[in-house]
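# Coordinate analysis (summary)
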Amino acid sequence: MRKFDLRSLVRSNIWELKPYSSARDEFWGDEGIFLDANENPFGNKNRYPDPHQRTLKKSLSKIKGISVDNICIGNGSDEIIDLVFRIFCEPQKDSVIICPPTYGMYEVSANINNVNIIKIPLDSNFELNVDEILSQNAKCLFLCSPNNPTGNSLKNIEVLMNEFNGIIIVDEAYIDFSDKPSFIGRLSEFPNLIIMQTFSKAWALASARVGIAYADSNIIKLMDKTKPPYNVSRFNQEVALKALSKPKKFERRLKVILEQRDNLLKEFTKISVIKKVFPTDANFILIKVSDADKLYNYLVSNKLIVRNRNSVISGCIRITVGTPKENEALIEALKNYTEG
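In this report, we go over the structure that sits alongside the text. (Residues numbered from 1 in each chain as written. Predicted model: local features only at pLDDT ≥ 70, side-chain atom pairs only at ≥ 80, totals over all residues. Heavy atoms only, no water.)

### A word on the packing of helix α4 (residues 77–88) against helix α8 (residues 217–226)
Where α4 meets α8, the axes come as close as 10 Å, and the angle between the chain directions of the two elements is 100°. Compared by their axis directions, α4 and α8 come out roughly perpendicular. Taken together, the residues of α8 that come into contact with α4 (itself represented by Ile80, Leu83, Val84, Arg86, Ile87 and Phe88) are Ile219, Leu222, Met223 and Thr226. (Axes fitted to C-alpha atoms, helices over the stretch in contact; angles between N-to-C directions. Helix = DSSP H or I, 4+ residues; strand = E, 2+ residues; numbered from the N terminus. Parallel < 35°, antiparallel > 145°, perpendicular 65-115°, else oblique. Contact = heavy atoms within 4.5 Å.)

### Let's talk about the pattern of salt bridges
Under the definition given, this model contains 16 salt bridges. In this structure, the salt-bridge partner of Asp50 is Arg54, at a minimum N-O distance of 2.7 Å. The class for Asp50 is partly exposed, based on a relative accessible area of 22%. (Salt bridge = Lys/Arg side-chain N within 4 Å of Asp/Glu carboxyl O. Buried < 20%, exposed > 50% of the residue type's maximum accessible area, 1.4 Å probe, protein only.)

### Points about the packing of helix α11 (residues 292–301) against helix α12 (residues 324–336)
Running from N to C, α11 and α12 cross one another at 125°; their axes reach a closest spacing of 11 Å. As the angle between them shows, α11 and α12 are arranged oblique. As for how α11 packs across α12, the hand of that crossing is right-handed. Contact residues: α11 offers Leu295, Tyr298 and Leu299, while α12 offers Leu330, Ala333, Leu334 and Asn336. When grouped by side-chain class, the residues that make up the contact of α11 with α12 number six nonpolar, one polar and no charged. (Left-handed = near helix turned anticlockwise from the far one by under 90°. Nonpolar A, V, L, I, M, F, W, Y, C, P; charged D, E, K, R; others polar.)

### So, the nonpolar core
Side chains of nonpolar character tend, in soluble globular proteins, to be buried together. Counting 53 residues, the largest nonpolar core has Leu128 and Phe199 as its most contacted members. Cys72, Phe85, Phe88 and Ala110 belong to the second-largest nonpolar core, a separate cluster that totals 31 residues. (Core = buried A, V, L, I, M, F, W, Y, C linked by side-chain atoms within 4.5 Å.)

### Concerning the sheet that holds strand β6 (residues 193–198)
If you walk across this open sheet you meet the seven strands as β1-β7-β6-β5-β4-β2-β3, and the pairing is mixed. Here the strands that pair on one side only, and so sit at the sheet edges, are β1 (71–74) and β3 (116–119). Strand-to-strand twist across the sheet, computed as the mean angle between neighbouring axes with direction ignored, equals 25°. Judged from the five bridges that link them, strand β4 (residues 140–144) and strand β5 (residues 167–171) form a sheet pairing that is parallel. Across the sheet, residue Cys140 finds its bridge partner in β5, namely Ile167. Each of β1, β2 (95–98), β4, β5, β6 and β7 (211–215) is contacted by α4, which is oriented at about 160° to β6, the strand it contacts most. Taken strand by strand, α8 contacts β1, β5, β6 and β7, and its axis lies near 140° from that of β7. (Pairing = 2+ DSSP bridges.)

This is how it looks when you write it as structure tokens:
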């Protein structure tokens with residue numbers, strides 16, 4: 001295991017923080033007359049949810065092959081991102097590194113928490129500038145792999161895991177669509193590593209807002225005491241558990257998405273308006289066209305809503321893989337588009 005002094009990176013007020021103790025921290029049972037949490041005694045939605053999401057963590061622990069002590073459940077991955085800033089970064093003092101183009105919430109959350117941002121852009125192949133990253137002094141490094149919006153899995157992450165002196169957050173929201181392995185299996189080697197995953201993408205639960213952090217147990221303890229006590233509702237915990245209980249359904253849907261992604265990649269190479277198709281390990285494809293704004297508006301007029309990334313990557317549009325029927329409509333519209 002890499003030597004690492006966690007306390008030196010944590011905000012002193014967070015390290016000394018005494019967490020809020022809820023009624024469900026003092027009594028964990030399911031049976032009894034509950035007169036401890038000032039809940040309304042009537043109805044079937046009147047009880048607070050498990051603040052530690054124990055059942056969901058146990059299920060994830062079995063699937064991922066790691067201890068429940070290495071898991072934190074968030075109200076979407078966005079809450080996990082915010083927790084990282086609140087735990088490790090002193091406002092107006094500390095810095096974090098992001099590598100654009102990448103997921104926009106890293107920058108937004110940094111700005112909300114008044115933390116300095118060091119931007120080290122990806123190179124022309126959408127790969128990391130490792131030397132430049134290691135030359136900077138920063139508390140945290142945010143990496144999205146497969147990356148949004150480019151779709152590629154980033155190389156040289158392990159080099160940074162070995163040499164970066166702060167906290168490394170690897171956002172694996174799209175890892176289920178990739179044939180690359182997750183870094184979850186490396187947590188025991190790197191105590192400064194946080195892996196983020198989500199139920200929003202491959203598990204088809206974006207509306208439920210359930211994000212996950214996997215990390216060393218000492219980091220998880222900090223997250224658990226910093227997050228709000230009832231941050232994930234009972235209903236959202238239950239829908240995530242239901243999804244985990246149906247692995248065959250998950251695999252069937254995943255197979256269809258991957259097949260449709262491969263088909264779209266082939267079809268896009270035949271369409272004249274598309275000048276370049278970028279490789280992808282995600283459930284979306286980035287394409288380069290002559291006039292992204294015009295094509296975007298044309299597709300919207302045909303009720304095909306894609307993401308115009310022209311302001312982030314010149315001339316580019318990001319297209320999510322849909323159902324077979326939706327993808328057929330997209331291909332037909334692209335074939336009928338004229339640039340004149």
